[in-house]
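Now for the letters of each chain:
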Amino acid sequence: MSYLPHTASERERMLAALGCREIDELFTDIPPRLRCPQDLGLPPPLRENELWQLARSLADRNQDLDHLCCFRGAGAYDRFIPAAVAALANRAEFLTAYTPYQAEVSQGELQAMWEYQSLICNLTGLDVANSSMYDGASALAEAVLLATGVTGRTTVLVSEALHPEYRQVVETYGAARGVTVETLPAEQGCTRSRETASLTERKQPAAVVLQSPNFFGILEEDTRAIGEFAHAHGGLLILVVDPISLAIVASPGELGADLAVGSGQGLGSPLAFGGPYFGFLAARQEFLRRLPGRIVGETVDSQGRRGFVLALQTREQHIRREKATSNICTNHALGALAAAVYLSLLGPAGLTEVATACWRNAHYLAERLGRLRGVELLFPSAPFFQEFVLRLPGRNPEEVDQAFLRQGFLGPLPLSRLLSDPKWQDTYLVCATESRTREEIDRFIQVTQEMVA
Amino acid sequence: MSSTNQGADGAYPLLFERSVPGRRGVLPPATTVPVAWNPERLPASLRRARAPLLPELSELDVVRHYSGLSQRNWGVDLGFYPLGSCTMKYNPKVNEAIAALPGWQRLHPYQPEQTVQGALQILFELERDLCALTGMAQATLQPSAGAQAELLGLLLIRAHHQHHDPAHAARRRQIIVPDSAHGTNPASAAAAGYEVVQVRSNDRGLVDVKHLKELVGPQTAGLMLTNPNTLGLFEEDIETIAEIIHAAGGLLYYDGANLNAIVGIVRPADMGFDIVHLNLHKTFSTPHGGGGPGAGVIAVTPPLAPFLPGPRVEYDAAKNQYHWRAAGPWTVGRLREFYGNFGVLLRAWAYIRSLGAEGLREVARTAVLNANYCRAKLQDCLEVPYADRPCKHEFVASAREVHRRTGLHAQDLAKGLLDRGFHAPTVAFPLIVEEALMCEPTETESLQTLDAFVDALQQVVHLAYTQPDELRTAPHRAPVGRLDEVLANRHLKLRWLPDPPATGPTAEGPTP
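Definitions and limits used
Residues numbered from 1 in each chain as written. Chains lettered and ligands numbered in written order. Predicted model: local features only at pLDDT ≥ 70, side-chain atom pairs only at ≥ 80, totals over all residues. Helix = DSSP H or I, 4+ residues; strand = E, 2+ residues; numbered from the N terminus. Rg over C-alpha atoms; globule rule 2.2 N^0.38 Å. Buried ≥ 20, exposed ≤ 12 C-beta atoms within 10 Å, placed from the backbone. Contact = placed C-beta atoms within 7 Å. Nonpolar A, V, L, I, M, F, W, Y, C, P; charged D, E, K, R; others polar. Pairing = 2+ DSSP bridges. Axes fitted to C-alpha atoms, helices over the stretch in contact; angles between N-to-C directions. Domains from an automatic or database assignment. Parallel < 35°, antiparallel > 145°, perpendicular 65-115°, else oblique. Left-handed = near helix turned anticlockwise from the far one by under 90°.

## Remarks on the overall build of chain B
- The number of helices and strands found in chain B is 17 helices and 12 strands.
- Taken against the 2.2 N^0.38 rule, which gives 24 Å for 512 residues, the C-alpha radius of gyration of chain B at 26 Å falls within 12% of a compact globule.
- Seen along its three principal axes, the alpha-carbon backbone of chain B occupies a region of about 70 × 70 × 45 Å.
- Out of the 512 residues in chain B, the part that is buried amounts to 59%.
- Put simply, 72% of the contacts in chain B that link residues at least 6 apart link residues at least 24 apart.

Below, the structure is given as structure tokens:
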């Protein structure tokens, strides 16, 4: 298959215009000894029909969530996505554009990003937002680096209940810059202000990082107090949030956060085996000039009409090079666009319905599972959103996975897959989003009951 | 344009200006579980006072809004997009159709291996094929973009030095980048905690080898280089450069932004590079999405493989099964959640499968033919430095003469191109060429398109000398006139605020 347009005679004409007889003459600057062999061991080319057949057959080797009923979350959620999201976000004019360097012919993208920034500010209750990061984890890492820059400190205090992969990414980004990541212990799945008080005093961290709902699904109750301790000792509060939960849960702004980050996957990005999603990053006004990444600003055109351009570009790598606030260039604009479409389609009432449906489904499921003999709710008194942790004493994760798969479920995530501490050995993170029906939940309860019987 | 897409003052309406209180769009799933929502069940400190202020629109309102916005946006599917170093080639539709299959879209990242064998096979084959094309031993598909791959590459350099010479690793604090380098190179080096040292270009537009020799020493951690460079010129002294860096104990990093010129023809490993990053959204045709998502890949020589992040996919031939293998003990760590931008990786896999090695080689040859053809045609109207030898996939023209005689800038010529139905080349980069217009036609553009572009640019240059004011105020036929960037930065308006703004910057909407 080929996407090359030239006919043989066109190629001849072009070469003639260059005074050449062969395309090879354009490669004389490459020393012949550096040329690679013709056969690189790649598979032979395919025509479109052959490629399609091959891709279909490989896709069929997967069991996707149209065939498995999903009770697994842990940072990626099986959400309802209105058909209009892909239909609009994937319009070719958006899909096949690049970063809007020529603003006058990129007003669609720029306005959509400016509106996206506004929506993220409204959701998080913070003052400013950039126009997207790669994902939630790297957004957090950038927020941590921002905090170390603001405070001139190198220690960050990270809740034990943070998603372990987020923690790992913070460590990777931080290691290069001499940032030490210290753990803020969780007690019964929650991060407590008592612990924080003594630790912030001793460690004088650049920031305290909390996730709410946290990795175990729990809504952190002490967030405001923890933020106050952080502030009292000259540090910042960084909150990792689920944007859907923000329809019903106090916003990072209300809770005193300086920076809020999170994964935008739930806002219209399909699961797609882990990506692409996007990350969002919002902050209080005072941190604006330290934000990483693209930010769109409103302006006027030569006729005085409203228009949009990339603003504050002097923070960015293409202008500032090694003095830039971050090295990010390409971001995840398409995911942010999908999120803006998603939020517009749902509106405040729709988003609230999604959030309350998650809450109701998960609470119904937890109440029923909690009644089963052989099933133990690990943190029964903690407030949660759409996920909670079970203990299934004496079951091994492989068995549990297989038992659920046999009945057509992607069951809960064995926490031992991500957490090495033996205390998580027979624990499982269960998730019920708005996509689950009562029938599916009841059947899941029944399968669990049969398994533990 | 429909009247609903035209505001009173001629501006395109905002989402928020279309909002009508109480209007609903899509209704989400309704649950019927016998547990009612009650805010009282949340601790008081955790309750949101009011629902977030989101627009209230019908589905059709939203469809019209974004359809109208899309009509105010330029993409490759509409026309020529010769943005230099961005490789804005055609994004094949079959790859989109493949990526849209539920068998990929509806996969949870934490599914058991047995349920995702097809997805694991894609990752395995893509890593294998990209290693073959770069001559490298192993790769990670994790980085989300080129810049994140650069950061990873630099962390690998640091890990290598710490592992092999821990006593002197701290001394290796400098990364060398050419003065023609992409801005991400120095920014990534700084993000990885390195000092940035700039090596000059010589009068042939190539790395000044003599200067490089002066710069290297026991403080050198490595050199980041794109080849061909941002002038579109092949670094002919690459073997000498590699020798100099390696002799000093440093590593050589290949910035793959410009791989489209040489894919299938020269492998970075054969040029002496130790680490390679690839932008799959450039050479491997995945759509740029208005600024992402892309995907970066880092491929390395065998000694660097132990430092790669994990997990990676392995194939068990005996069982005919693919499985995850966690990162080893020397890994520099994870860069993102889950495994990488799978949807992007899948499209790149499809592209490679459709072309094969021979097809990819033709891609490079045609990209180079197109760039040289454009360059030759433009030499009558614009200065083209370093034109004593063929360029590769791109070239940089200079509007220096236009500027000297008219006061116009390269950006003014760019705006004139917008009026003639073309996206502009990259403007004012690389920094070492005055009034630069960096032009990368790519291989998928036809002779007719290239000729029309050359004509348009010639007209614009002619206009510069005859009616400069016409260009100073251009564009005149775009959705908006010239935008005031100074105003945008002086009076920052970075979000919508309700009118009147009495409710403040963290305003909330009505209680649901």
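## As for helix H8 (residues 184-191) of chain B
- A large share of H8 of chain B lies buried, amounting to 8 of its 8 residues.
- The inward-facing, buried residues of H8 of chain B contact helix H10 (317-320) of chain A together with helix H6 (146-164), strand E2 (174-178), strand E3 (195-199), strand E4 (220-225) and strand E5 (251-255) of chain B.
- Positioned one or two residues after H8 of chain B, Gly 193 of chain B has a phi angle of 85 degrees, which is positive.

## Structural notes on the interface of chain A and chain B
- On the side of chain B, 177 residues touch chain A, which itself brings 176 residues to the contact.
- A per-element tally of the side of chain A that touches chain B places helix H11 (residues 333-370) of chain A first, with 25 residues.
- For the side of chain A that touches chain B, the residue count by class is 92 nonpolar, 47 polar and 37 charged.

## A short note on the sheet that holds strand E2 (residues 128-129) of chain A
All names here are of chain A.
- Overall, mixed pairing links the 7 strands, which are arranged E2-E10-E9-E8-E7-E3-E4 in an open sheet. Either end of the sheet is taken by a strand with one partner, and the two such strands are E2 and strand E4 (180-184).
- Across 5 bridges, the pairing between strand E3 (residues 155-159) and E4 is parallel. Of the residues in E4, the one forming a bridge with Thr 155 is Thr 180.

## Here we look at the pairing of strand E6 (residues 275-279) of chain B
All names here are of chain B.
- Across the 5 residues of E6, 5 count as buried, placing the element largely inside the fold.
- Alternating residues of E6 divide into Ile 275, His 277 and Asn 279 and Val 276 and Leu 278, and every residue in both groups is buried.
- Relative to E6, E5 runs parallel, the two being bridged by 3 bridges. Along E6, the bridge assignment pairs Tyr 254 with Val 276.
- As paired elements, E6 and strand E7 (residues 296-300) share 5 bridges and run antiparallel to each other. When the bridges of E7 are listed, His 277 appears paired with Ile 298.

## Re the pairing of strand E14 (residues 387-391) of chain A
Residue and element names in this part refer to chain A.
- Among the 5 residues in E14, 4 count as buried, and that is most of the element.
- Sheet topology note: the E14/strand E17 (residues 427-431) ladder contains 5 bridges and is antiparallel. Bridge assignment links Phe 388 to a residue of E17, and that residue is Val 430.

## With respect to the sheet that holds E3 of chain B
Residues and elements named next belong to chain B.
- Strand order in this open sheet of 7 strands is E1-E7-E6-E5-E4-E2-E3, and the pairing throughout is mixed. The open sheet has two edge strands with one neighbour each: strand E1 (138-140) and E3. Along the sheet, successive strands turn relative to each other by an average axial angle of 25 degrees, direction set aside.
- Contacting E2, E3, E4 and E5, H8 runs over the sheet at an angle of about 175 degrees to E2.

## Notes on the domain arrangement of chain B
- The domains assigned to chain B are domain 1 (1-72 + 483-512), domain 2 (126-355) and domain 3 (362-482).
- For domain 1 of chain B versus domain 2 of chain B, the separation of C-alpha centres amounts to 42 Å.

## Considerations on the environment of Pro 276 of chain A
- With respect to the helices and strands, Pro 276 of chain A occurs in the loop between strand E9 (259-263) and strand E10 (279-283).
- The class of Pro 276 of chain A is buried, set by 27 C-beta atoms lying within 10 Å.
- For the pair Pro 276 of chain A and Pro 45 of chain A, spaced 231 residues apart in the sequence, the C-alpha separation amounts to 27 Å.
- If near-sequence neighbours (up to four positions away) are discounted, Pro 276 of chain A is found in contact with His 332 and Gly 335 of chain A together with Pro 293, Asn 341, Gly 343 and Val 344 of chain B.

## Here we look at the packing of helix H1 (residues 8-18) of chain A against helix H12 (residues 342-378) of chain B
- Across the interface, H1 of chain A lies against H12 of chain B with an axial gap of 9 Å and an inter-helix angle of 50 degrees. The angle between H1 of chain A and H12 of chain B falls in the class oblique. Judged by the sense of rotation from one axis to the other, the crossing of H1 of chain A with H12 of chain B is left-handed. When H1 of chain A is examined against H12 of chain B, the residues Met 14, Ala 17 and Leu 18 of chain A are found in contact with a partner set consisting of Leu 369, Asn 372, Tyr 373 and Ala 376 of chain B.
- A breakdown of the residues in the contact of H1 of chain A with H12 of chain B according to their chemical character gives 6 nonpolar, 1 polar and no charged.

## A few points about the packing of helix H6 (residues 136-151) of chain A against helix H7 (residues 164-175) of chain A
All names here are of chain A.
- Running from N to C, H6 and H7 cross one another at 45 degrees; their axes reach a closest spacing of 8 Å. Considering the angle they form, H6 stands oblique to H7. Judged by the sense of rotation from one axis to the other, the crossing of H6 with H7 is right-handed. From H6, Gly 136, Ala 137, Ser 138, Leu 140, Ala 141, Val 144 and Leu 145 reach across to H7, where they touch Glu 165, Tyr 166, Val 169, Val 170, Tyr 173 and Gly 174.
- Each residue belonging to the contact of H6 with H7 can be placed in one class, and the counts come to 9 nonpolar, 3 polar and 1 charged.

## Points about the environment of Leu 334 of chain A
- Within the fold, Leu 334 of chain A resides in helix H11.
- Along the chain, Leu 334 of chain A and Cys 36 of chain A lie 298 residues apart, while their C-alpha atoms are 37 Å from each other.
- With sequence-adjacent residues up to four places away left out, Leu 334 of chain A is seen in contact with Ala 89, Phe 94 and Leu 95 of chain A together with Gly 289, Gly 290, Gly 292 and Pro 293 of chain B.

## Focus on the domain arrangement of chain A
Residue and element names in this part refer to chain A.
- Here chain A is partitioned into domain 1 (69-73 + 342-452) and domain 2 (84-337).
- Centre-to-centre, using C-alpha coordinates, domain 1 lies 27 Å away from domain 2.
- Among the elements of the structure, H11 and E14 are those that each provide at least two residues to the side of domain 1 that touches domain 2.
- Considering each element in turn, the side of domain 1 that touches domain 2 owes the most residues, 10 residues, to H11.

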